[in-house]
Amino acid sequence: GQLVIEPDYLENNGTIIFEEGSQFGEFTPKFTNELTFTDSKINNETYASSNTASITVISGGLGVVKKGHFGDQVTIDTGGLTVTQGNASFGSNVTVTGNLDINNFTKLNNTTNATSKSVASTVILGGLGVVKKGHFGEQVTIDSGGLTVTQGNSSFGSNLIITGNTVSYTHL
């Protein structure tokens, strides 16, 4: 069924007032102007399975002036997520299944010292490509494979210590 409210029953400012505890049964309200709710709740615990299968479906955009809280998962079907002002904070892990493109300065604040290739503040399971210089505050350890310099010179600001019994030098 439908709930139809004639213009004569609207308050002076065009607001419809539903008294607490009012029962209307099942209906589909249709409004052609602004609808204002104060302290409203929709008590249906049906999960949304898509953007058209939900207890509440809004065909146009949704604007929220103040904070929004979601008790469970949020899914964005198309268009992505844009934060236009402020920060995005996550209280748990973030999983990225596509590329992570960062267009500004990036700082990782975990200060765990590396004790192996799998215990460190940042662990990369694949290779690491760096287009520009790299600076390391402390020691660099290479577990296997050696160090290859394909262009340029190698400079050491301190002693070069070689362990093992073979040193090879080729003059080109």
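Structure's up top.
Computed from a prediction, not measured in an experiment: that's the story for all the values here. (Residues numbered from 1 in each chain as written. Predicted model: local features only at pLDDT ≥ 70, side-chain atom pairs only at ≥ 80, totals over all residues. Heavy atoms only, no water.)

S.K.: What is the right way to read the overall build of the chain from this model?
M.R.: Along the chain, the regular secondary structure elements total zero helices and zero strands. Out of the 172 residues belonging to the chain, those deemed buried represent 2%. A fraction of 36% describes how many contacts in the chain between residues 6 or more apart in sequence connect residues 24 or more apart. For the chain, the exposed area adds up to about 18,100 Å²; of that, 48% sits on carbon and sulfur atoms. (Helix = DSSP H or I, 4+ residues; strand = E, 2+ residues; numbered from the N terminus. Buried < 20%, exposed > 50% of the residue type's maximum accessible area, 1.4 Å probe, protein only. Contact = heavy atoms within 4.5 Å. Areas by Shrake-Rupley, 256 points an atom, 1.4 Å probe, with all protein chains shown as cover.)

S.K.: What am I meant to see in a nonpolar patch on the surface here?
M.R.: Taken together, the side chains of F70, V74, I76, L81 and V83 make up a nonpolar region of the molecular surface, amounting to roughly 540 Å² of accessible area. Judged by relative accessible area, L81 falls into the exposed class, the value being 65%. (Patch = residues over 30% accessible without salt bridge, like charges linked within 9 Å, V, L, I, M, F, W, Y side chains within 5 Å. Salt bridge = Lys/Arg side-chain N within 4 Å of Asp/Glu carboxyl O.)

Taken by themselves, the reported measurements are silent on function.
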